[in-house]
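An overview of the molecular structure
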Amino acid sequence: MTGKNARQNAFLRLVSGNGAALGSESRYSLPPSKEMVIGRDPSCQVVLDAMMHRMVSRRHAVVRPLSSSPDSTFSWLLCDLNSANGTYLNGQRLYGCQELHPGDRISLGADGPQFVFEYDTISQATVMTANQARPLPPATNYQNHTHLKQPDSVSFTQLFPIISTGKDLTRKAYLVPGILTVVFVVLMFTTVGHPQANQVIVAFYIASAAYYFVYQLCGKQKPWWVLVGTALSTTLILLSPLLTLFIFVFRGILPGNLPSSQESTTFTELLIRMFFGAGLMEELLKALPVLGAFFFGRLLSSPWRERIGVWEPLDGILLGTASAVGFTLLETLGQYVPEVTRNVTQQVGIGAAGQLVGLQLLIPRILGSVAGHMAYSGYLGYFIGLAVLKPSRSWQILAVGYLSAAALHALWNATGSINALLLVVVGVLSYAFLMAAILKARALSPTRSQNFATRFLGPK
């Protein structure tokens, strides 16, 4: 219907929203009597989810009515509101304002949510708009809007940005990791000349950074005290008589007795021993706190059961990798570093040389846990969480996860004595297995829409 009894109704249609449901809810009508602000702030007319669209500013862009012609056709103006990641119109970054035309594509950030500006023709008798009594803004000459410059005036918050961005520091600027880094750096300075204390601080910092990387990839919030408690539980198990029982079963009864440095074995025999004595034994040991969290969570009421327990693969990965951090720290600081330090000191007679070699061993062991203990335990954690989602196949799922994690572990230990290149291949393979499990866990997650990692690797 056209003519004087009809008018053009403008609207924005969300066409790409990083997992948002694209349906009737994705269409936003543009009232001709007021502007429409788009952003994460609840006061905006078009509000985008803060967890899903972290690249979108609180008040990112605005669409303003520009003028009205005699045939009731309105013009609309798109303006960027000094957003952090920019507003793009048809692939070109927008500076200032520009008039919109049907079919124009608006993107909030280079790879953020996208809208299409469109018109449809509706009967004048059916038009119901909000704030009809509000006068339209005066028409202004907006020629060459693309080349408009930013105003010369400087606001107080532009001079002191921390005043306006302070609320976003913890969520968007990694304030907590920055604070912890500063604290660890100060501790490293204060322990110069005290090698053992310095090694402990360096180990904890590297382990925290490696785990934070995995946590960001998982994208699910889990209380920090639950993660720390899982790591501590693993260290307590290693220091308890339970470890002796594990060694007796897997290395005494089962064929998992690890060969000594003087003993000659074939690769096949070494692989079998590592499968039982390292893979099966250590992966089960590290999985105990994860299984404990699952059973303990079932006894709690909501929301504590979801926060503490294991209800999906992401929970299993987060707790499994946390358990691996505790295992790696105790194994490295309590066994490998002291042993190599003592051996080198006895050989050269210089304590400083032993401490230096110990530090050289500590860094790759802790940093490499992402492709080592964290990879195996996180991979098994995925299967523990998957078994919770698929209870009818739980034993089959757990068996596949346990055996495959133990096999990766055994393969790493066995190839370490053969060739460094093979060790790289196995390490990359283990890392790939963990990353694949994380990506699949994010796709299977019942809380996928709340995942904060959806922009870390792009849309799923």
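Before going into details, it helps to say that this report is about the structure given with it. (Residues numbered from 1 in each chain as written. Predicted model: local features only at pLDDT ≥ 70, side-chain atom pairs only at ≥ 80, totals over all residues. Heavy atoms only, no water.)

**Looking at the overall build of the chain**
Per the secondary structure count, the chain includes 14 helices and eleven strands. Within the chain, buried positions represent 41% of all 460 residues. Long-range contacts, defined here as pairs at least 24 residues apart, represent 63% of the contacts in the chain between residues at least 6 apart. (Helix = DSSP H or I, 4+ residues; strand = E, 2+ residues; numbered from the N terminus. Buried < 20%, exposed > 50% of the residue type's maximum accessible area, 1.4 Å probe, protein only. Contact = heavy atoms within 4.5 Å.)

**Some thoughts on the nonpolar core**
With 49 residues, the main nonpolar core has Y211, I317, M374 and I438 as its most contacted residues. Not counting chain neighbours up to four residues away, the residues in contact with I317 comprise C218, G378, G381, Y382, L434, A437, I438 and A441. A10, L48, M55 and L94 belong to the second-largest nonpolar core, a separate cluster that totals 23 residues. (Core = buried A, V, L, I, M, F, W, Y, C linked by side-chain atoms within 4.5 Å.)

**Observations concerning helix α5 (residues 195–218)**
For α5, built from 24 residues, the straight-helix expectation of 34 Å at 1.5 Å per residue is met to within 8% by its first-to-last C-alpha distance of 35 Å. Just past α5, the residue G219 takes up positive phi, approximately 75°. (Expected span 1.5 Å × (residues − 1).)

**A short note on the pattern of salt bridges**
Counting across every chain of the model gives ten salt bridges. When the shortest N-O distance is used, the salt bridge between D41 and R58 registers 3.2 Å. With a gap of 17 residues between them, D41 in the loop between β3 (36–39) and β4 (46–47) and R58 in the loop between β4 and β5 (61–68) connect regions that are remote in the sequence. Its relative accessible area of 30% is what places R58 among the partly exposed residues. With its nearest N and O atoms 2.9 Å apart, the salt bridge here joins E283 to K286. With E283 and K286 both in helix α8 (residues 267–298) and three residues apart, this pair spans about one turn of that helix. Here E283 matches K286 in class, with each residue buried. (Salt bridge = Lys/Arg side-chain N within 4 Å of Asp/Glu carboxyl O.)

**Observations concerning unusual backbone geometry**
Cis geometry is found at the peptide bond from S302 to P303, where omega equals 10°. Locating P303 in the fold gives a position in the loop between α8 and α9 (304–308). Despite not being glycine, N82 shows a phi value in the positive range, around 55°. Topologically, N82 is positioned in the loop between β6 (74–80) and β7 (87–89). Phi is positive for N90, close to 55°, though the residue is something other than glycine.

**A closer look at the state of the cysteines**
All chains considered together, the criterion is met by one disulfide. The disulfide partner of C79 is C97, and the S-S distance across this bridge is 2.1 Å. Measuring the twist about the S-S bond at about 115°, one finds the C79-C97 disulfide to be right-handed. Of this pair, C79 sits in strand β6 while C97 sits in strand β9 (residues 97–99), placing them 18 residues apart in sequence. For the pair formed by C79 and C97, the shared burial category is buried. (Disulfide = S-S within 2.5 Å.)

**Side note on the packing of α8 against helix α10 (residues 313–348)**
Following both chains from N to C, one finds α8 and α10 inclined at 130°, their axes separated by 9 Å at the closest point. On the basis of their axis angle, the class for α8 and α10 is oblique. Handedness of the α8/α10 crossing: right-handed. Only G316, L319, G320, S323, A324, F327 and E331 of α10 make contact with α8, whose side of the interface consists of E282, L285, K286, P289, V290 and A293. Looking at the contact of α8 with α10, its residues break down into seven nonpolar, three polar and three charged. (Axes fitted to C-alpha atoms, helices over the stretch in contact; angles between N-to-C directions. Parallel < 35°, antiparallel > 145°, perpendicular 65-115°, else oblique. Left-handed = near helix turned anticlockwise from the far one by under 90°. Nonpolar A, V, L, I, M, F, W, Y, C, P; charged D, E, K, R; others polar.)

**Observations regarding the pairing of β3**
Here β3 shows a buried face lined by M36 and I38 and a second buried face lined by V37 and G39. Pairing between β3 and β4: two bridges, direction parallel. Residue I38 lies in a different strand from β4, and its bridge partner there is V46. (Pairing = 2+ DSSP bridges.)

**With respect to the packing of α5 against helix α14 (residues 420–444)**
The interhelical angle for the contact between α5 and α14, taken along N-to-C directions, is 35°, at an axis separation of 9 Å. Where α5 abuts α14, its residues F213, V214, L217 and C218 lie against Y431, M435, I438 and R442. Partitioning the contact of α5 with α14 into residue classes produces seven nonpolar, no polar and one charged.

**Let's talk about a nonpolar patch on the surface**
A surface patch of nonpolar side chains, about 570 Å² in accessible area, is lined by W224, W225, V228, L232 and W304. Considering every element that reaches the nonpolar patch, the biggest residue donor is helix α6 (residues 224–239), with four residues. Assignment of secondary structure puts V228 in helix α6. (Patch = residues over 30% accessible without salt bridge, like charges linked within 9 Å, V, L, I, M, F, W, Y side chains within 5 Å. Areas by Shrake-Rupley, 256 points an atom, 1.4 Å probe, with all protein chains shown as cover.)

From the geometry alone we can't say anything about function, so treat these as descriptive.
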